[in-house]
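A closer look at the structure
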Amino acid sequence: MRLTKQRKMIISGSLTALSVILAVLSHSSCCYLAALAMGISTLGDALLAGYPECIENKLAKGGLAFLAAHILYICTLLASYGKSIPELLTHSALPFSLFLVLTVLHGLLFYSRGSSRFSPGLFAAASFYLLTVGIHAAAAVTVYGQAGGGYLLSAAGAILFFLSDAVLLARKYGAVRGKYVTAVIWLTYVPAQLCLITGIFLTRSVFA
């Protein structure tokens, strides 16, 4: 099945609807934050898909929406974890270093091989965004290592999100092409969002 813009928006909108339902069922502020993050992600999907048509620089604005969503997801994760940030940081050096290295390698491997459609400024912004996704993944992996339980889904979702965005940016740089690239992006993006919203729900509702 070809993923048209309309189908992408139906999938993204359905994920937001699911996150709202889970938030209402859980009565948890953390789940409401996750639903808000998913809603902002849907806004980012709409901008990247070209909606509304009157908005310019859709890639930049879509990226900002997803940056805001990841910051919210990080805040949701920290609020759900409930421990102090300094305590979390003492265990996060290795995961953070790993995703920092992966972000640097991604730029070296794909930006340098692309068609130079991205200016150095846009590349810096894209790298900062991917590093933020990596920080989200590092935090989720650290929290799972410390608390276990439903945080496994949060960690899996954040890692899949990093993979999805890494492929998306590689395509935007012009270094990755092919008719299956969009399918790879969405086959990692959708499970990533599902893991993030259900992971927080299960953590607050089942493992609390």
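Notes on the structure follow. (Residues numbered from 1 in each chain as written. Predicted model: local features only at pLDDT ≥ 70, side-chain atom pairs only at ≥ 80, totals over all residues. Heavy atoms only, no water.)

1. Looking at the overall build of the chain
Counting secondary structure elements, the chain contains eight helices and zero strands. Ordering the α and β elements of the chain from the N terminus gives α-α-α-α-α-α-α-α. Against the 2.2 N^0.38 benchmark of 17 Å for 208 residues, the chain shows a C-alpha radius of gyration of 17 Å, consistent with a compact globule. Across its three principal directions, the C-alpha atoms of the chain cover 50 × 35 × 30 Å. Counting over 208 residues, the chain shows a buried share of 45%. Contacts in the chain between residues far apart in sequence, at least 24 positions, make up 76% of those at least 6 positions apart. Of the charged side chains in the chain, 14 are positive and 5 negative; the average position of the first set lies 10 Å away from that of the second. (Helix = DSSP H or I, 4+ residues; strand = E, 2+ residues; numbered from the N terminus. Rg over C-alpha atoms; globule rule 2.2 N^0.38 Å. Buried < 20%, exposed > 50% of the residue type's maximum accessible area, 1.4 Å probe, protein only. Contact = heavy atoms within 4.5 Å. Lys, Arg positive; Asp, Glu negative; His and termini not counted. Charge placed at Lys NZ, Arg CZ, Asp CG, Glu CD.)

2. Things to note about the environment of alanine 139
Relative to the helices and strands, alanine 139 resides in helix α6 (residues 120-147). Using a relative accessible area of 11% as the deciding quantity, one classes alanine 139 as buried. Taking the C-alpha atoms as reference, alanine 139 lies 7.7 Å from proline 95; in sequence the two are 44 residues apart.

3. Some points on the packing of helix α5 (residues 93-111) against α6
Think of two packed helices as two axes; the pair is described by the angle between the axes and how far apart they sit. The geometry of α5 relative to α6 is characterised by a closest axis approach of 8 Å and an angle of 150° between their N-to-C directions. Classified by the angle their axes make, α5 and α6 are roughly antiparallel. The handedness of the crossing between α5 and α6 comes out as right-handed. Residue-level contacts link Pro95, Phe96, Phe99, Leu100, Thr103, His106, Gly107 and Tyr111 of α5 to Pro120, Phe123, Ser127, Leu130, Leu131, Gly134, Ile135, Ala137, Ala138, Val141 and Thr142 of α6. Of the residues in the contact of α5 with α6, the class split is 13 nonpolar, six polar and no charged. (Axes fitted to C-alpha atoms, helices over the stretch in contact; angles between N-to-C directions. Parallel < 35°, antiparallel > 145°, perpendicular 65-115°, else oblique. Left-handed = near helix turned anticlockwise from the far one by under 90°. Nonpolar A, V, L, I, M, F, W, Y, C, P; charged D, E, K, R; others polar.)

4. Notes on the layout of surface pockets
There is about 650 Å³ of room inside the largest pocket. Lining the largest pocket are 29 residues, and of these Leu48, Leu59, Gly62, Gly63 and Leu168 sit closest to its centre. Listing elements by their share of the lining of the largest pocket, those giving two or more residues are α1 (5-26), α2 (29-49), α3 (58-81), α6, α7 (151-173) and α8 (181-205). Residue classes in the lining of the largest pocket are distributed as 19 nonpolar, four polar and six charged. (1 Å grid on protein atoms, 1.4 Å probe; cavity = no way out; pocket = protein on both sides within 12 Å on 5 of 7 lines; lining within 4 Å. Points joined across faces, edges and corners; volume = space filled by probe spheres on them.)

5. So, the side chain of threonine 42
Residue placement: threonine 42 occurs in helix α2. Given the relative accessible area of 13%, threonine 42 is considered buried. Looking at threonine 42, its side chain comes within polar contact range of the side chain of serine 12, at 2.9 Å. (Polar contact = N/O pair within 3.5 Å; in protein donor to acceptor, adjacent residues only side chain to side chain.)

6. A short note on the environment of threonine 76
Looking at the element boundaries, threonine 76 is found in helix α3. Taking C-alpha positions, threonine 76 is 10.0 Å from alanine 35, a pair spaced 41 residues apart along the chain. Residue contacts for threonine 76: discarding those within four places in its chain leaves Cys30, Leu33, Ala34 and Ile200.

7. Thoughts on α5
Spanning 19 residues, α5 covers 26 Å between terminal C-alpha atoms, matching the ideal 27 Å at 1.5 Å per step. For α5, the set of buried residues is Pro95, Phe99, Thr103, His106 and Gly107. Burial along α5 is one-sided: seen end-on, the buried residues are contained in an arc of 115°. Exposed residues pointing more than 90 degrees away from the buried face of α5 are listed as Ala93, Leu94 and Leu108. Elements that come into contact with the buried residues of α5 comprise α6 and α7. (Expected span 1.5 Å × (residues − 1). Arc of directions from axis to C-beta.)

8. Description of the nonpolar core
If you look at the biggest cluster of nonpolar residues, it comprises 39 residues, and the most contacted ones within it are Tyr73, Tyr129, Phe161, Leu169 and Tyr189. Among the secondary structure elements, those contributing two or more residues to this core are α2, α3, α6, α7 and α8. Apart from residues lying up to four places away in sequence, leucine 169 is in contact with His106, Ala126, Tyr129 and Leu130. In terms of nonpolar packing, the next biggest core, distinct from the first, is built from seven residues, Ala23, Cys30, Ala35 and Phe201 among them. (Core = buried A, V, L, I, M, F, W, Y, C linked by side-chain atoms within 4.5 Å.)

9. Topic: the packing of α2 against α3
At a minimum axis distance of 8 Å, the contact between α2 and α3 shows a crossing angle of 165°. Regarding the angle of α2 to α3, the classification is roughly antiparallel. Of the two possible hands of crossing, α2 and α3 adopt the one that is left-handed. Per-class residue counts for the contact of α2 with α3 are 17 nonpolar, five polar and three charged.

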